Amino acid sequence: IQSPFEDVAGSAYTYLRNAASHLWGLEQIALTPGFIETLLDRHNGAGTSPQASEWRFATLQALAATLKRNARNKEILERLVDKPTQERLLEFVSRGPYWSARAAPQVKVATASRTQ
């Protein structure tokens, strides 16, 4: 996924997304030290282009769907992916592929002051 060649990175993400759709794929991804954290890092070198962000998001969506489908097996899931990481994963998916803390929208309200 860190390939400078878009077709290679795209193929890697496609494989990961398809594997992440299965419990065995979640297990393999979770057993690779630091890999889920790499996917959750929006500003890492694993591809920050818009296309790579979409591929990463699709992979994380598949992981989140696998977590939800297997929610009955809490002890297996928590053995594979700790609760804080599960929560970060679900939060990432809920915010979408392009969310950024640096670019989070802020509401500003203009008020008129009254002078008497």
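Residues numbered from 1 in each chain as written. Predicted model: local features only at pLDDT ≥ 70, side-chain atom pairs only at ≥ 80, totals over all residues. Heavy atoms only, no water.

Visitor: Give me the layout of surface pockets: which residues, what numbers.
Guide: Taken as a whole, the largest pocket spans an internal volume of roughly 180 Å³. Forming the walls of the largest pocket are Ala-64, Leu-67, Lys-68, Ala-71, Lys-74, Leu-77, Glu-78, Lys-83, Gln-86, Glu-87 and Leu-90. Element by element, the count of residues in the lining of the largest pocket is highest for helix H6 (residues 83-95), at 4 residues. Looking at side-chain class alone, the lining of the largest pocket contains 5 nonpolar, 1 polar and 5 charged residues. (1 Å grid on protein atoms, 1.4 Å probe; cavity = no way out; pocket = protein on both sides within 12 Å on 5 of 7 lines; lining within 4 Å. Points joined across faces, edges and corners; volume = space filled by probe spheres on them. Helix = DSSP H or I, 4+ residues; strand = E, 2+ residues; numbered from the N terminus. Nonpolar A, V, L, I, M, F, W, Y, C, P; charged D, E, K, R; others polar.)

Visitor: Help me get a handle on the nonpolar core, residues and values and all.
Guide: Grouped together as the largest cluster of nonpolar side chains are 24 residues, with contacts concentrated most on Ile-29, Leu-60, Leu-63 and Leu-89. Those elements that place two or more of their residues in this core are helix H1 (6-20), helix H2 (23-30), helix H3 (35-40), helix H4 (50-69), helix H5 (74-80) and H6. Ignoring anything within four residues of it in the chain, the contact list for Leu-63 reads Ala-20, Leu-26, Ile-29, Leu-39 and Leu-89. (Core = buried A, V, L, I, M, F, W, Y, C linked by side-chain atoms within 4.5 Å. Buried < 20%, exposed > 50% of the residue type's maximum accessible area, 1.4 Å probe, protein only. Contact = heavy atoms within 4.5 Å.)

Visitor: How would you sum up the packing of aromatic side chains? Please name residues and give values.
Guide: The final tally for this structure, using the stated rule, is 2 aromatic pairs. The lysine or arginine in question, Arg-95, covers the ring of Trp-99, its NZ or CZ lying 3.9 Å from the ring centre. (Phe/Tyr/Trp six-rings, centres within 6.5 Å; stacked < 30°, edge-to-face > 60°. Lys NZ or Arg CZ within 6 Å of the ring centre and 35° of its normal.)

Visitor: Run through the packing of H1 against H2, naming residues and quoting values.
Guide: The geometry of H1 relative to H2 is characterised by a closest axis approach of 6 Å and an angle of 120° between their N-to-C directions. Between H1 and H2, the interaxial angle falls into the category oblique. Within the contact between the two elements, H1 uses Leu-16, Ala-19 and Ala-20 and H2 uses Trp-24, Gly-25, Leu-26 and Ile-29. Residue composition of the contact of H1 with H2, grouped by class: 6 nonpolar, 1 polar and no charged. (Axes fitted to C-alpha atoms, helices over the stretch in contact; angles between N-to-C directions. Parallel < 35°, antiparallel > 145°, perpendicular 65-115°, else oblique.)

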